[in-house]
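Tertiary structure, described
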Amino acid sequence: MSESVRAFYDGLAGEYHLMFADWRREIARQGEALDALIHRQSDGAVASLLDCACGIGTQAIALALQGYRVHATDFSAPAAERARREAQSFGAVMTVEVADFRHLGEVLTQRFDVVICCDNALSHCLADDDLPRALGQMQGRLRSGGLFLASIRDYDRLLARDGSAGALDPGLPGLHGKSQDHGPRGTMPQVFDDATGRRIAFQVWDWAPDGRSYAVHQYFVQEFEGEHRTSHHVSRFRALRRAEVDEALKAAGFRDIHWHFPADSGFYQPVVTARA
Ligand SMILES: C[S@@+](CC[C@H](N)C(=O)[O-])C[C@H]1O[C@@H](n2cnc3c(N)ncnc32)[C@H](O)[C@@H]1O
């Protein structure tokens, strides 16, 4: 089965919200946390913001509702199309375009006060030169002194050998079985009670022999009138450590690099901020 990242998100576009208990409520929560963080880290007024991995729009819509002038891009056309539709359903004003964040300069000429790339999207930089290239392109879309913000899964904690490796994101405990002794086998099932019945979301992870990346099998099991339907999507992520991100940010010309953790930021993943 193909592990193509773009095909994964094309296929997930209609179901991405199923990972959350209540996606629409999640948008309000994330908007407040990100807005506070952006204001704490910015060098002055912030108006324009590019979300270069907008997916179906969780952060882009949230920040448009907080008053930012948002341009949202993603390389999955179905995800971008859903983001456009969902923004309208929230009454959020934002523009949406299809673009690969490794080639932003080929599509966008404008510069922004803030560029964001959330929800572990940087971990899809699988080839060795993908991460430096993507960060260079994101840096190129910022005005001088503009703020970069990205969130990634806490792989440093997840892959720690001290027995704490079960926790993925706060509230999302991992399965402890190991594949090829590199890391957790997946995420614990999240169980939600929808109007149509039970919904269960979980992932199974298969680690590459070198332990640097893993295939993610995303499963949704949904109950409709007593029947259970399963959907399955597969892709690959790189287990990016914070030191690797720091190094690539510096190489791309960023400065003032800071990590912000959930207990302080109120955001569910570690967030890195840096200045162009
Ligand atoms: C975990 S999802 C997060 C989506 C988004 N934050 C949301 O709330 O829907 C990661 C997103 O990154 C996008 N992505 C991955 N690699 C990309 C690339 N090279 N260029 C642009 N988007 C990319 C995917 O298409 C996907 O929508």
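Only a predicted model underlies this, so the values are computations on that prediction, with no experimental measurement involved.

Looking at the domain arrangement of the protein chain
Its domain assignment divides the protein chain into domain 1 (12-152 + 240-275) and domain 2 (158-238). Taking the mean C-alpha position of each, domain 1 and domain 2 sit 23 Å from one another. Taken together, the contact between domain 1 and domain 2 spans 14 residues of the former and 12 residues of the latter. Split by residue class, the side of domain 1 that touches domain 2 holds nine nonpolar, four polar and one charged.

Here we look at the packing of helix α2 (residues 23-41) against helix α3 (residues 58-65)
When two helices pack together, their arrangement is given by the angle between their axes and by how far apart the axes lie. In contact at an axis separation of 8 Å, α2 and α3 are set at 70 degrees when each is read in the N-to-C sense. Classified by the angle their axes make, α2 and α3 are roughly perpendicular. As α2 runs across α3, the sense of the crossing is right-handed. Here E26, I27, Q30, G31, L34 and D35 of α2 come into contact with α3, specifically with T58, Q59, I61, A62, L63 and L65. Across the contact of α2 with α3, the residue classes break down as six nonpolar, four polar and two charged.

Side note on the sheet that holds strand β3 (residues 94-98)
Taken together, seven strands build an open sheet; the order of strands is β3-β2-β1-β4-β5-β14-β13 and the sheet is mixed. At either margin of the open sheet sits one strand with a lone partner, and together these are β3 and β13 (255-260). Strand-to-strand twist of the sheet, defined as the mean angle between neighbouring strand axes without regard to direction, takes the value 15 degrees. α2 contacts β4 (112-117), β5 (142-151), β13 and β14 (271-275) of the sheet and is inclined by roughly 140 degrees relative to β5.

Thoughts on unusual backbone geometry
Of note, the phi angle at D119 is positive, near 60 degrees, even though the residue is not glycine. Take D119: it is sitting in the loop between β4 and α5 (130-140). Despite not being glycine, N120 shows a phi value in the positive range, around 70 degrees. Note on placement: N120 falls in the loop between β4 and α5.

Things to note about the nonpolar core
Residues C117, L122 and F148 are the most contacted members of the largest nonpolar core, which totals 69 residues. Each of two domains, domain 1 (12-152 + 240-275) and domain 2 (158-238), supplies a minimum of three residues to this core. Beyond its immediate sequence surroundings of up to four residues, C117 is in contact with C52, A53, F101, L122, M138 and A150.

A look at the site of the ligand
Inspection of the region around the ligand gives 22 residues, with Y9, A53, G55, T58 and A121 positioned closest. Mapped by element, the contributors of at least two residues to the shell around the ligand are α1 (5-12) and α3. Looking at the shell around the ligand residue by residue, the class counts come to 11 nonpolar, seven polar and four charged.

Comments concerning the pairing of β3
Alignment of strand β2 (residues 69-74) against β3, held across five bridges, turns out to be parallel. Following the sheet pairing, D74 is matched in β3 by V98. In this region the chain leaves β2, passes through helix α4 (residues 77-90) and returns to the parallel neighbour β3; the handedness of that crossover is right-handed.

Rules behind the numbers
Residues numbered from 1 in each chain as written. Predicted model: local features only at pLDDT ≥ 70, side-chain atom pairs only at ≥ 80, totals over all residues. Domains from an automatic or database assignment. Contact = placed C-beta atoms within 7 Å. Nonpolar A, V, L, I, M, F, W, Y, C, P; charged D, E, K, R; others polar. Axes fitted to C-alpha atoms, helices over the stretch in contact; angles between N-to-C directions. Helix = DSSP H or I, 4+ residues; strand = E, 2+ residues; numbered from the N terminus. Parallel < 35°, antiparallel > 145°, perpendicular 65-115°, else oblique. Left-handed = near helix turned anticlockwise from the far one by under 90°. Pairing = 2+ DSSP bridges. Core = buried A, V, L, I, M, F, W, Y, C linked by C-beta atoms within 7 Å. Buried ≥ 20, exposed ≤ 12 C-beta atoms within 10 Å, placed from the backbone. Near = placed C-beta within 6 Å. Right-handed = clockwise from strand over helix to strand, strands pointing away.

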